[in-house]
Structure formats: structure tokens, C-alpha cells
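# Overview (structure and organization)
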Amino acid sequence: VMAKIKETVPNKPIKYLVTTHFHDDHSGGARTYLAEGATLVTTPGNKAYFEKMAKAERTIAPDALSLAPRTPTIEVVQNMKKVFTDGQHTVEIYDIGAGPHTKEMLIVYLPKEKIVFQGDLLNLPPFGTTIVTPGNETTAHFADRLKELGLAVEKIVAVHGRTATMAELQAAVEKFRAAN
């Protein structure tokens, strides 16, 4: 992945890595980005986990951070929100708090594009299908938090599964609530 990024956008540093939560399928590659000098952005409760992960030595199959050790820079989202902007593009990171899936969870919102990126909060079947499966407690929590935050979302990009719309999120929540 790192080689593809460097090929696609040469001579541009990767400044930040935002992990939605600490589960290994969402943070497993973090050490590679830390080795490149990226600042890891996480929740206050997960900072110690990532500090420990960054200090671990990989001796059998050394990774980039083991081969070129460096002290990582880790920033936490304070007061439930962090904003990055270059004057033209804005990225808003929200800590949506404790939910059924984790004690802390980050989502990333691109206000200009009206896109929210999430991990494990809405998992629809893969690309090529329009089926909306019932959500779960986590999906309902996510929908409630989006409403409370008042974000103007049109697309929901997922780590797992396909991109969805707000109507599909609502349908998944309604199916879940009707079944329970």
C-alpha cells in the first residue's frame, strides 16, 4: 500500500493516519505509517494502546518501524472533535463516544463532499448488490450520533462493505428496530 501511495502521489508526505478504533483490522498497518513519520490520530483512551504498539519490536519479520525506529507522534481528539484544513479542503474527525462495538470510535467527515467514513458501524453487503440488511445496536448508535451531530451526509464510506446512502442507513436501522 505504501508503494502504491508513493507512486500515485509522489513527493507528498503522509502527514496523518486516523484509525477509527484499535481493532487489528483497522489499525494493523499503523506501524508502517508511523515509520514514514505520519502523526497517528486516535481517541484519548486508545493512545496508550498505540504507544505500546509502536514500541513493540518485531524481530522475526522486522517491519519498517523496527528497521528504522522512531518515536511516534500521537495526537488525540480532544472535546470529541478535531479539524484539519488547508484552506481549500476540510477534514473533521469526530469521536462518537462509547457504543456497543467499542468504548471510543472515530468517524471522519468531509463537509464539502458530504461524505462520512466509518469502520464497523454500517456493514452492507459488498459492491454489486443493492440489498440493505438489518443493522444492529452499533448501526443504530451511529445513526443517532450522526443526527445529534447534525452532519449533512450524502454518502457513507465503509471500511467493510460498500458505500451507502443516508436512506440505506435509515433502512438498516428501521429493519433492526422492527426485528427487536
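You'll find the structure just up there.
Residues numbered from 1 in each chain as written. Predicted model: local features only at pLDDT ≥ 70, side-chain atom pairs only at ≥ 80, totals over all residues. Heavy atoms only, no water.

Spatially, the three strands line up as an open sheet ordered β1-β2-β3, and their pairing is parallel. Sheet topology places β1 (16–18) and β3 (73–76) at the edges, where each strand pairs with a single neighbour. The sheet shows a mean angle of 25 degrees between the axes of neighbouring strands, direction not considered. Where strand β2 (residues 39–42) and β3 come together, four bridges link them in parallel fashion. When the sheet's bridge partners are listed, Thr42 is paired in β3 with Val76. Across the face of the sheet, helix α4 (residues 47–55) comes into contact with β2 and β3 while running at roughly 170 degrees to β3. (Pairing = 2+ DSSP bridges. Helix = DSSP H or I, 4+ residues; strand = E, 2+ residues; numbered from the N terminus. Axes fitted to C-alpha atoms, helices over the stretch in contact; angles between N-to-C directions. Contact = heavy atoms within 4.5 Å.)

Compared with the 18 Å implied by 1.5 Å per residue over 13 residues, the 18 Å span of helix α6 (residues 137–149) between its first and last C-alpha is a close match. Those residues of α6 that fall on the buried side of the exposure criterion are Thr138, Thr139, Ala140, His141, Phe142, Ala143, Arg145 and Leu146. Positive phi shows up at Gly150, right after α6, with a value of about 70 degrees. (Expected span 1.5 Å × (residues − 1). Buried < 20%, exposed > 50% of the residue type's maximum accessible area, 1.4 Å probe, protein only.)

Below, the discussion takes up helix α7 (residues 166–179). In an α-helix, one full turn covers 3.6 residues, which means residues spaced three or four apart are oriented alike. The first and last C-alpha atoms of α7 sit 20 Å apart over 14 residues, in line with the 20 Å expected at 1.5 Å per residue. Within the sequence span of α7, burial applies to Glu168, Leu169, Ala172, Val173 and Phe176. Here the buried residues of α7 occupy an arc of 140 degrees about the axis, which is enough to place them on one side. Within α7, the exposed residues directed more than 90 degrees away from the buried face are Ala167, Glu174 and Ala178. (Arc of directions from axis to C-beta.)

Turning our eyes to something else, we now look at the packing of aromatic side chains. For any pair of aromatic rings, the description consists of the separation of the ring centres together with the inter-plane angle of the planes. For the structure shown, the criterion picks out three aromatic pairs. Ring geometry for Tyr16 versus Phe84: centroids 4.3 Å apart, planes at 50 degrees, classification tilted. Linking Tyr16 in strand β1 with Phe84 in strand β4 (residues 81–85), this pair joins segments that are 68 residues apart in sequence. Judged by relative accessible area, Tyr16 falls into the partly exposed class, the value being 37%. The class of Phe84 is buried, set by a relative accessible area of 16%. Taken together, a centroid distance of 5.0 Å and an interplanar angle of 80 degrees make the contact between Tyr49 and Phe50 edge-to-face. For Tyr49, a relative accessible area of 36% gives the class partly exposed. Three or more aromatic residues link up through ring pairs in this structure, and these residues are Phe22, Tyr49 and Phe50. (Phe/Tyr/Trp six-rings, centres within 6.5 Å; stacked < 30°, edge-to-face > 60°.)

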